[in-house]
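Breakdown of the fold
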Amino acid sequence: MNADYAHLLGRPLALDWAVFGDALRAVMRMRRVTLEAVGRETRLSRATISRASTGHAVSLEALMKLCIWADLNPFELLRPADRRPEEYIGDRAQRGCFT
């Protein structure tokens, strides 16, 4: 069992699309790439990448392709579904996620 994420077991989970969008945009800025360039590398449409990078839900396939491209750990995108983002954003920042 992965102890880093064991605290999520036994609770309903949600994917934090806003955190994913922020992280994806940060990687794109760091690499100085456009939506079109990401699309060519991932074979995803510009619209899909735009949705993801602005915190909107995308398909599981698109999520995984973008996580692979951006070297993001999808487990770090999970949050307990019964917690509001303002309750855990401080925790994430303290743990150094996506830095």
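A brief structural summary. These numbers were taken from a predicted model, which means no experiment stands behind them.

**Quick notes on the nonpolar core**
Counting 21 residues, the largest nonpolar core has Phe20, Leu24 and Leu66 as its most contacted members. For leucine 66, the residues in contact, after removing those within four places along its chain, are Phe20, Leu24, Val38, Thr42, Leu44, Ile49 and Ala52.

**Focus on the packing of aromatic side chains**
Evaluated as defined, the whole model comprises 1 aromatic pair. Between tryptophan 17 and phenylalanine 20 the ring centres are 6.2 Å apart and the planes differ by 75 degrees, which places this aromatic pair in the edge-to-face class. A residue pair is termed a helical-turn pair when its members lie 3 or 4 positions apart in one helix, as tryptophan 17 and phenylalanine 20 do in helix H1 (residues 17-31) at 3 residues. When the ring centre of tryptophan 69 is taken as origin, the NZ or CZ atom of arginine 31, which lies over that ring, is 4.4 Å away.

About the cut-offs
- Residues numbered from 1 in each chain as written.
- Predicted model: local features only at pLDDT ≥ 70, side-chain atom pairs only at ≥ 80, totals over all residues.
- Heavy atoms only, no water.
- Core = buried A, V, L, I, M, F, W, Y, C linked by side-chain atoms within 4.5 Å.
- Buried < 20%, exposed > 50% of the residue type's maximum accessible area, 1.4 Å probe, protein only.
- Contact = heavy atoms within 4.5 Å.
- Phe/Tyr/Trp six-rings, centres within 6.5 Å; stacked < 30°, edge-to-face > 60°.
- Helix = DSSP H or I, 4+ residues; strand = E, 2+ residues; numbered from the N terminus.
- Lys NZ or Arg CZ within 6 Å of the ring centre and 35° of its normal.

Keep in mind that these numbers describe shape and distance, not what the molecule does.
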